[in-house]
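Analysis of the macromolecular model
Below, each chain spelled out in residue letters.
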Amino acid sequence: MIASKMLLPGSRLGVMGSGQLARMFCMEAVQHGYEVHVYSPEKNSPASGAGAEETVAEYDDENALLSFLERIDALTFEFENIPEIALSTVEKFSEKHGLIVSPSPNCIRIAQNRWREKNEFARAGIPTVNFYPVFEEKDKEEILSRTQFPCILKTNTMGYDGKGQIKCKTGDELAEALSSLKKLDHIVEEFFPFTEEASVIFARFPDGRTSYFHPSKNVHKNHILDLTFHPGNFSEGVRNRLIEYARKLAETIDYVGVFGIEFFLKGEEILCNEFAPRPHNSGHFSQNAGTLSQFSLQLRALCGLPVPNADGLPTGTVVMKNILGENYEPGSAFWNRAFQNPHYHLHLYGKTEARSGRKMGHWNYNGPDPERAFSDWE
Ligand code: ADP
Ligand code: MG
């Protein structure tokens with residue numbers, strides 16, 4: 001029996017954003033016989049290189065956005081930094097015309113603002129570092145008297161890959177950082193001396209059923225994800241709590257779709273850092289893990305397709321290594337070795353300009369020696 005709200009192959013799926021996450025979603029959707037339309041200000045985007053039809057317009061161009069929405073049967077997002085005006089246009093259009101939108105604009109609003117996000121974690125009973133808002137001049141004094149050092153001053157909106165953050169070791173440094181802000185709307189977070197970082201890729205379907213990948217271990221370099229080891233080598237207690245926190249978040253904010261949620265660990269202590277309302281860089285391992293990928297889960301949740309019958313998906317061991325602009329060297333000695341080994345899988349995003357820090361692609365390794373897979377990288 002096919003439920004009436006299931007979107008079947010041939011349907012037109014829209015994505016806000018047209019970068020690598022939209023590209024990999026598009027590849028999955030096209031493989032399943034769907035059409036993909038992407039919306040972003042970028043021309044000749046990574047997603048269009050994979051066959052997505054492109055609408056090139058600013059996010060706040062209401063007319064362009066409305067005519068895009070008229071051409072699709074469902075909408076999802078590849079990133080959260082969508083201006084409020086576009087989110088409310090999507091919301092109103094969906095209410096009026098019944099367009100399927102998942103995750104909901106409200107979940108995007110939560111994820112795009114650290115203050116809202118951390119308050120939702122608190123509401124869901126998920127522990128975080130201590131944090132203080134910086135909205136008004138008078139907040140500064142209170143923060144200076146309460147914060148434990150070191151701490152990090154972070155912008156509430158538009159931050160990614162460590163951008164918009166200032167680490168402060170003393171009250172004087174924090175006072176100086178606070179006075180250098182051009183715009184308030186920040187938070188101060190106490191620094192947590194974690195020993196490991198972990199993430200969970202979690203999916204919730206329109207009928208409330210769930211599916212997830214077991215937690216992975218992540219290693220960052222210069223605030224950018226460098227390596228993901230899947231599954232992470234955690235105690236059973238830690239693993240279960242990580243999954244439980246992901247589930248609590250999904251239920252508390254009534255999330256539909258795939259999200260990545262990131263944690264700091266120290267021994268048995270777990271604090272949640274942030275979540276991303278979409279597939280996540282730390283979930284790319286799933287493309288070569290011997291089961292369906294995070295993009296397939298995104299497609300299935302968006303279209304209301306049947307839910308995989310294993311909640312924790314049965315994956316093999318994979319290590320993911322990001323390729324940044326400064327390491328983008330097709331034909332290097334590493335590439336030649338990797339191509340000779342059938343356990344290395346290359347995923348490139350179709351970007352031509354290799355700027356430093358820019359994500360150009362990733363390798364997945366699913367062979368017998370994960371610890372050493374990228375040890376001769378540089
Ligand atoms: P972004 O949105 O830019 O990814 P994050 O808040 O995830 O910002 O910070 C990037 C990285 O900086 C984290 O993955 C972690 O390594 C480090 N970091 C951020 N906040 C803290 C904190 N409160 N304590 C310790 N490390 C932190
Ligand atoms: Mg992060």
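Residues numbered from 1 in each chain as written. Chains lettered and ligands numbered in written order. Predicted model: local features only at pLDDT ≥ 70, side-chain atom pairs only at ≥ 80, totals over all residues. Heavy atoms only, no water.

As annotated in an unreviewed UniProt entry, the protein is N5-carboxyaminoimidazole ribonucleotide synthase from Leptospira ellisii. Reading the Sequence similarities (unreviewed entry) entry of the UniProt record for the protein gives the comment "Belongs to the PurK/PurT family." What the UniProt record of the protein gives under Subunit (unreviewed entry) is the line "Homodimer." (UniProt positions renumbered as here; feature names shortened; annotations may be inferred.)

Once that is clear, we can look at the overall build of the protein. Assigned secondary structure in the protein consists of ten helices and 18 strands. Scaling as 2.2 N^0.38, a compact globule of 378 residues should have a C-alpha radius of gyration of about 21 Å, and the protein matches this with 21 Å. Dimensions of the protein along its principal axes, counting C-alpha atoms only, are 60 × 55 × 40 Å. Buried residues in the protein amount to 54% of all 378 residues. A fraction of 65% describes how many contacts in the protein between residues 6 or more apart in sequence connect residues 24 or more apart. Computing the positive centroid from 39 side-chain charges and the negative centroid from 50, the protein places the two 2 Å apart. (Helix = DSSP H or I, 4+ residues; strand = E, 2+ residues; numbered from the N terminus. Rg over C-alpha atoms; globule rule 2.2 N^0.38 Å. Buried < 20%, exposed > 50% of the residue type's maximum accessible area, 1.4 Å probe, protein only. Contact = heavy atoms within 4.5 Å. Lys, Arg positive; Asp, Glu negative; His and termini not counted. Charge placed at Lys NZ, Arg CZ, Asp CG, Glu CD.)

Turning our eyes to something else, we now look at the domain arrangement of the protein. Split into domains, the protein comes out as domain 1 (12–101), domain 2 (130–190) and domain 3 (196–372). On a C-alpha basis, the centroid separation for the pair domain 2 and domain 3 is 30 Å. (Domains from an automatic or database assignment.)

Below, the discussion takes up the packing of helix 2 (residues 62–70) against helix 3 (residues 84–97). Where helix 2 contacts helix 3, the two axes come as close as 10 Å, and the packing angle between them is 40°. Taken together, helix 2 and helix 3 sit at an angle that is classed as oblique. The element helix 2 and its partner helix 3 pack so that their crossing is right-handed. Residues Glu62, Leu65, Leu66, Leu69 and Glu70 of helix 2 pack against Ala86, Thr89, Val90 and Phe93 of helix 3. (Axes fitted to C-alpha atoms, helices over the stretch in contact; angles between N-to-C directions. Parallel < 35°, antiparallel > 145°, perpendicular 65-115°, else oblique. Left-handed = near helix turned anticlockwise from the far one by under 90°.)

One number sums up the size of the second largest pocket: a volume of about 420 Å³. A per-element tally of the lining of the second largest pocket places helix 9 (residues 294–303) first, with three residues. Grouping the constituent residues of the lining of the second largest pocket by class yields 14 nonpolar, three polar and four charged. (1 Å grid on protein atoms, 1.4 Å probe; cavity = no way out; pocket = protein on both sides within 12 Å on 5 of 7 lines; lining within 4 Å. Points joined across faces, edges and corners; volume = space filled by probe spheres on them. Nonpolar A, V, L, I, M, F, W, Y, C, P; charged D, E, K, R; others polar.)

Let's shift gears to empty space enclosed by the protein. Within this structure, the stated rule accounts for two cavities of 30 Å³ or more. When its volume is computed, the largest cavity comes out at roughly 50 Å³. Looking at the largest cavity, the residues that line it are Thr76, Ser102, Pro103, Tyr255, Gly257, Val258, Pro277, Arg278, Pro279, Gln298, Ala301 and Leu302. Mapped by element, the contributors of at least two residues to the lining of the largest cavity are strand 14 (257–266) and helix 9. Among the elements that line the lining of the largest cavity, the one with the most residues is helix 9, at three residues.

A word on the nonpolar core. In terms of nonpolar packing, the biggest core is built from 27 residues, with Leu242, Leu249, Phe259, Ile261, Phe263, Leu265 and Phe275 touching the most fellow members. Among the elements of the structure, helix 4 (105–111), strand 10 (196–204), helix 8 (236–252), strand 14 and strand 15 (269–276) are those that each provide at least two residues to this core. For this core, the element with the most residues is helix 8, which contributes seven residues. If we skip the residues at most four places from it in the chain, Phe275 touches Cys107, Ile110, Ala111, Glu117, Phe121, Leu249, Ile253, Tyr255, Phe259, Gly260 and Ile261. (Core = buried A, V, L, I, M, F, W, Y, C linked by side-chain atoms within 4.5 Å.)

According to the stated counting rule, one finds 25 aromatic pairs in the structure shown. A ring pair is formed by Phe259 and Phe275, whose centres lie 6.0 Å apart and whose planes are at 85°; its orientation type is edge-to-face. You can see Phe259 sitting in strand 14 and its partner Phe275 sitting in strand 15, a full 16 residues away along the chain. A ring pair is formed by Phe334 and Tyr344, whose centres lie 5.9 Å apart and whose planes are at 85°; its orientation type is edge-to-face. Taken together, the positions of Phe334 in helix 10 (residues 333–340) and Tyr344 in strand 17 (residues 344–348) put the pair ten residues apart, joining distant regions of the chain. For the pair Phe334 and Tyr344, one class covers both residues: buried. Taken together through their ring pairs, the aromatic side chains of Tyr328, Phe334, Trp335, Phe339, Tyr344, Trp363, Tyr365 and Phe374 make up a single cluster. Across from the ring centre of Phe191, 3.9 Å away, lies the NZ or CZ of Lys167, which sits over that ring. Across the ring face of Phe229, the terminal group of Lys217 is positioned such that the distance to the ring centre comes to 5.8 Å. (Phe/Tyr/Trp six-rings, centres within 6.5 Å; stacked < 30°, edge-to-face > 60°. Lys NZ or Arg CZ within 6 Å of the ring centre and 35° of its normal.)

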